[in-house]
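Inside the fold
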Amino acid sequence: DEYHAVQKILKECHISKLKEISQLGHLNSNRVNNMSKTELLKLQGSLHGEIAKGNKDFEILKSISLAAEATKVDHAIELLESQGVDQAHAYMEKLQQQATTSSVRAVKNLVEDTNFKTAFVKARSLVEKKAEHPKMEALKNILRDEIKKHHDRLIVFTNYRDTAVKIKKMLDTEDISSDIFVGQAKKNGVGLSQKQQKEMLAQFSTS
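Residues numbered from 1 in each chain as written. Predicted model: local features only at pLDDT ≥ 70, side-chain atom pairs only at ≥ 80, totals over all residues. Heavy atoms only, no water.

Here we come to the packing of helix H3 (residues 58-82) against helix H4 (residues 85-101). Between H3 and H4, the least distance of the axes is 7 Å, while the angle of their chain directions is 155°. As summarised for this structure, H3 and H4 are arranged roughly antiparallel, according to the angle between their axes. Across from Lys 72, His 75, Ala 76, Leu 79 and Leu 80 in H3, the residues of H4 making contact are Val 85, Gln 87, Ala 88, Tyr 91, Met 92 and Leu 95. Looking at the contact of H3 with H4 residue by residue, the class counts come to eight nonpolar, two polar and one charged. (Axes fitted to C-alpha atoms, helices over the stretch in contact; angles between N-to-C directions. Helix = DSSP H or I, 4+ residues; strand = E, 2+ residues; numbered from the N terminus. Parallel < 35°, antiparallel > 145°, perpendicular 65-115°, else oblique. Contact = heavy atoms within 4.5 Å. Nonpolar A, V, L, I, M, F, W, Y, C, P; charged D, E, K, R; others polar.)

Okay, structure coming up:
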């Protein structure tokens, strides 16, 4: 329920940006409440296409900025729903920090949005309470069951490296041995060379 509360506010924030674009004449009003990420990206491409043609009317420029805000909110929602409040809060906090140094109007406007600020405060409260995404407990139970069936070599896939680190920490508390397998690009201290990747795969296949 607490996750849903943050989700609801972020969705209201997202819809408010699309409503403004609609009012400026660059989005059909019937798409405001059910616009997909793909459609939003197409809208951005179309608006930038107008700029390329030399159309720099206020309505176009404002709509581009609003679409950028909507995209950022959409990403925060995706993180909250699929990864957890820690990742969503970290992203929102990053936007807050960017707003202090960036000249990008979309970032500055978004962090001043009432809905965004409210969602950020609620997300921070959940982080402080250590309110885990329900998927973590479900994953823990699934792995316990599989290990009991003597399936001692398992792979857990996740889209984000931060989540991989979180999952490993959870498994460590359960005394379940695990390693993180990622590409070479280092981020937040996580990254493997090709040699390390080969060694890990060999260890996994023979353990």
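Having seen the model, we can carry on.
Where H4 contacts helix H6 (residues 114-128), the two axes come as close as 9 Å, and the packing angle between them is 135°. One way to sum up the angle between H4 and H6 is to call them oblique. Considering how the two elements wind past one another, H4 and H6 form a crossing that is left-handed. Contact residues: H4 offers Val 85, Asp 86, His 89, Met 92, Glu 93, Leu 95 and Gln 96, while H6 offers Phe 116, Ala 119, Phe 120, Ala 123, Arg 124, Leu 126 and Val 127. Its residues assigned to classes, the contact of H4 with H6 shows nine nonpolar, two polar and three charged. (Left-handed = near helix turned anticlockwise from the far one by under 90°.)

The space that makes up the largest pocket amounts to roughly 930 Å³. Taken together, 28 residues make up the lining of the largest pocket; nearest its centre are Leu 154, Ile 155, Ser 178, Asp 179 and Phe 204. Mapped onto the lining of the largest pocket, the elements with two or more residues apiece are helix H7 (134-148), helix H8 (161-173) and helix H9 (194-206). Counting residues per element, the lining of the largest pocket draws most heavily on H8, at five residues. (1 Å grid on protein atoms, 1.4 Å probe; cavity = no way out; pocket = protein on both sides within 12 Å on 5 of 7 lines; lining within 4 Å. Points joined across faces, edges and corners; volume = space filled by probe spheres on them.)

Moving on: the side chain of Ser 65. Looking at where Ser 65 falls in the secondary structure, it is placed in helix H3. On the basis of relative accessibility, which here comes to 14%, the residue Ser 65 falls in the buried class. Ser 65 has contacts with Arg 105, Ala 106 and Asn 109, leaving out every residue within four places of it along the chain. (Buried < 20%, exposed > 50% of the residue type's maximum accessible area, 1.4 Å probe, protein only.)

Moving on, we get to the pattern of salt bridges. This model, assessed by the stated rule, comprises 16 salt bridges. Between Lys 17 and Asp 113 there is a salt bridge, with its nearest N and O atoms 2.8 Å apart. Here Lys 17, found in helix H1 (residues 2-23), pairs with Asp 113, found in the loop between helix H5 (105-112) and H6; they are 96 residues apart in sequence, far enough to count as distant. This pair shows no difference in class: Lys 17 is buried, exactly as Asp 113 is. The residue Asp 172 makes a salt bridge to Lys 168 at a minimum N-O spacing of 3.5 Å. Taken together, the residues Asp 172 and Lys 168, both in helix H8 and four residues apart, mark about one turn of the helix. Accessibility expressed as a relative area gives 40% for Asp 172, which makes it partly exposed. Salt bridges sharing common partners tie together Glu 137, Lys 140, Arg 144 and Glu 174. (Salt bridge = Lys/Arg side-chain N within 4 Å of Asp/Glu carboxyl O.)

Turning next to unusual backbone geometry. Look at Lys 130: it is not a glycine, yet its phi comes out positive at around 55°. Overall, Lys 130 belongs to the exposed group, its relative accessible area being 68%. Non-glycine residue Asp 175 carries a positive phi angle of around 60°. On the accessibility criterion, Asp 175 (74% relative accessible area) is exposed.

Another point: the confidence of the model for the chain. The predicted model of the chain has a mean per-residue pLDDT of 90, with 96% of residues at 70 or higher. Across the chain, the element-wise mean pLDDT spans from 81 in H9 up to 97 in H6. (pLDDT = per-residue confidence, 0-100.)

In this section: the nonpolar core. The biggest cluster of nonpolar side chains holds 25 residues, and the ones touching the most others in it are Val 6, Leu 10, Leu 80, Met 92 and Phe 116. When contributions to this core are tallied by element, the ones reaching two or more residues are H1, H3, H4, H5 and H6. Ranked by residues supplied to this core, first place goes to H4 with six residues. Sequence-distant contacts of Phe 116, that is, excluding residues within four places in its chain, are made with Cys 13, Met 92, Leu 95, Gln 96, Leu 110 and Val 111. Of all hydrophobic cores here, the second largest spans 13 residues; its members include Val 32, Met 35, Leu 43 and Leu 66. (Core = buried A, V, L, I, M, F, W, Y, C linked by side-chain atoms within 4.5 Å.)

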